[in-house]
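Summary of the model geometry
Given next are the chains, with one letter for each unit.
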Amino acid sequence: MRSSNPVFSRRGFSRDNGYAGFNTAPQAGGAAVGTQGNPYAQPGAGNPYAQNPYAQNPYAQQDLQYGAPPQAPAGTGRMTMDDVVMRSAMTLGTVVVGAVLAWAVLPVSSSSFGLAIGAAIIAFVLAMVQSFKRKASPALILSYAAFEGVFLGVFSEMFNSRWSGAPFQAVLGTMAVSGATLLIYKAGWVRVTARYARIGMAIALAFILVMAVNLLLVAFGVAEDGGLRSMGPLGAIVGIIAIVLGAFFLTLDFKQIEDGIAYGAPREESWLAAFGLTMTLVWIYIEMLRLVAIFSGDD
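Nothing here was measured: the structure is a model prediction, and the numbers come from that model.

Our focus in this paragraph is the overall build of the protein chain. Secondary structure summary: the protein chain contains nine helices and zero strands in total. Starting at the N terminus, the α and β elements of the protein chain follow one another as α-α-α-α-α-α-α-α-α. The buried share among the 299 residues of the protein chain stands at 48%. A separation threshold of at least 6 residues defines the contact pool for the protein chain, and within that pool the share at least 24 residues apart is 77%. By element, 68% of the accessible surface of the protein chain is carried by carbon and sulfur atoms, the whole surface being about 14,000 Å².

Right, here's the structure in full:
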């Protein structure tokens, strides 16, 4: 089972209890214990991964055949937590800059809304292109972040014009959800296993399918006031479910980042980690913004 996040869907970092099709894994936060199931194993003396990947890793040939991430060449850098933090700061910073500029320059109007939708479509296309690329493209990722920022800037300004202070509350809520999820993950209260991922993914896919059907019903006038995405109690329940799913995506991201570091993933993978985290945080922010608006009422 792979991550719901398309960035990681072909990377297969996690190896916990057969997660992502491998049978050997360090525990979350622990060091890798061997070469079996490690797609980043490299030849070299004194390295626990320094074995012939074809001799020690029965999946190595399959990894190459089915598009697993490349092994870090000998002598090149490997991904560290500092790399992930720095790339995440750059990507999220680009989103924030794009949002601030869009908020400051574009007035609340129908034309601005159209521009925001266009930016969102471009960001989606760029995200899909990067998701299906085998290697990270920093330019592509930062371009996605910039267009996503423009969309969020206009979207947030529209909400703020009706519910003053809603974007700021949504940012605080996103930080709270992310911090709580990280705390729960690091405390070991949530264990990312194959079963956990399968159940969560099934729920997430069902949720996305239902939302897609709801969107079509609203577009054709069958469902009124947004249907399941209304600004009433039903919309609040749906929003809470969406935020919980966002927290679920974060636990998968945290696990995969830890495993990528433990297994010696190439440094370029930190860009993909940042990309995945950014998409998840954007998801949580949008849902939090809607939730804040619902609980703020029509005033």
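Now that the structure is up, let's keep going.
With that settled, the discussion passes to the pattern of salt bridges. Enumeration according to the criterion identifies five salt bridges in this entry. Notably, a salt bridge pairs Asp83 with Arg267, separated by 3.2 Å at the nearest N-O pair. Taken as a pair, Asp83 in helix 3 (residues 81-105) and Arg267 in the loop between helix 8 (233-262) and helix 9 (269-296) lie far apart in primary sequence, 184 residues in all. Owing to a relative accessible area of 39%, Arg267 belongs among the partly exposed residues under this scheme. For Glu258, the salt bridge is made with Lys186, and the minimal N-O distance between the two is 3.0 Å. A residue pair is termed long-range when its members are at least 10 positions apart, and Glu258 in helix 8 and Lys186 in helix 6 (residues 166-186) qualify at 72 residues. Residue class for Glu258 comes out buried when judged on its relative accessible area of 12%. For Lys186, a relative accessible area of 54% corresponds to the exposed category.

Further remarks concern the packing of helix 4 (residues 110-131) against helix 5 (residues 138-162). Across the interface, helix 4 lies against helix 5 with an axial gap of 8 Å and an inter-helix angle of 150°. For the element pair helix 4 / helix 5, the angle class is roughly antiparallel. Between helix 4 and helix 5 lies a crossing whose hand is left-handed. For the pair helix 4 and helix 5, the contacting residues are Ser112, Phe113, Ala116, Ala119, Ala120, Ile122, Ala123, Leu126, Ala127, Val129 and Gln130 in the first and Leu140, Ile141, Ser143, Tyr144, Phe147, Glu148, Val150, Phe151, Val154 and Met158 in the second.

What follows deals with the packing of helix 7 (residues 194-219) against helix 8. Running from amino to carboxyl end, helix 7 crosses helix 8 at an angle of 140°, the nearest separation of the two axes being 11 Å. Of the possible angle classes, the one that applies to helix 7 and helix 8 is oblique. Every pair of crossing elements has a handedness; the one defined by helix 7 and helix 8 is left-handed. Contacts between helix 7 and helix 8 pair Tyr196, Ala197, Gly200, Met201, Ile203, Ala204, Phe207 and Met211 from the former with Val238, Ile241, Ala242, Leu245, Phe248, Phe249, Thr251 and Leu252 from the latter. Here the residues of the contact of helix 7 with helix 8 are counted per class, giving 14 nonpolar, two polar and no charged.

Moving on, we come to the nonpolar core. Core analysis: the largest hydrophobic core is formed by 60 residues, its most contacted members being Tyr144, Phe151, Leu152, Ile286 and Leu289. Residues in contact with Ile286, not counting those within four places in the same chain, are Phe151, Leu152 and Phe155.

What follows is about helix 6. An ideal rise of 1.5 Å per residue puts 30 Å on 21 residues; helix 6 measures up with 30 Å between its terminal C-alpha atoms. Among the structural elements, helix 3, helix 5, helix 8 and helix 9 are those in contact with the buried residues of helix 6. Among the residues trailing helix 6, Gly188 stands out with phi positive, at a value near 80°.

Let us now look at the environment of Asp82. Along the chain, Asp82 turns up in helix 3. Here Asp82 falls in the exposed class, since its relative accessible area comes to 61%. In this structure the C-alpha to C-alpha distance between Asp82 and Ser270, which are 188 residues apart in sequence, comes to 9.1 Å.

Turning to the packing of aromatic side chains, a few remarks are in order. Using the criterion set out here, one finds nine aromatic pairs in the structure. With centroids separated by 5.1 Å and ring planes inclined at 75°, the aromatic side chains of Tyr144 and Phe275 adopt a geometry described as edge-to-face. Remark: Phe275 occurs in helix 9 and Tyr144 occurs in helix 5; sequence separation between them is 131 residues. Just as Tyr144 is buried, Phe275 falls in that class too. Among the aromatic residues, those joined into a cluster by ring pairs are Tyr196, Phe207, Phe248, Phe249 and Trp283.

This paragraph deals with a nonpolar patch on the surface. Taken together, the side chains of Phe113, Ile117, Ile121, Phe124, Val125 and Val129 present a nonpolar region at the surface, about 530 Å² in accessible area. When you line up the elements, Ile117 lands in helix 4.

Rules and cut-offs
- Residues numbered from 1 in each chain as written.
- Predicted model: local features only at pLDDT ≥ 70, side-chain atom pairs only at ≥ 80, totals over all residues.
- Heavy atoms only, no water.
- Helix = DSSP H or I, 4+ residues; strand = E, 2+ residues; numbered from the N terminus.
- Buried < 20%, exposed > 50% of the residue type's maximum accessible area, 1.4 Å probe, protein only.
- Contact = heavy atoms within 4.5 Å.
- Areas by Shrake-Rupley, 256 points an atom, 1.4 Å probe, with all protein chains shown as cover.
- Salt bridge = Lys/Arg side-chain N within 4 Å of Asp/Glu carboxyl O.
- Axes fitted to C-alpha atoms, helices over the stretch in contact; angles between N-to-C directions.
- Parallel < 35°, antiparallel > 145°, perpendicular 65-115°, else oblique.
- Left-handed = near helix turned anticlockwise from the far one by under 90°.
- Nonpolar A, V, L, I, M, F, W, Y, C, P; charged D, E, K, R; others polar.
- Core = buried A, V, L, I, M, F, W, Y, C linked by side-chain atoms within 4.5 Å.
- Expected span 1.5 Å × (residues − 1).
- Phe/Tyr/Trp six-rings, centres within 6.5 Å; stacked < 30°, edge-to-face > 60°.
- Patch = residues over 30% accessible without salt bridge, like charges linked within 9 Å, V, L, I, M, F, W, Y side chains within 5 Å.

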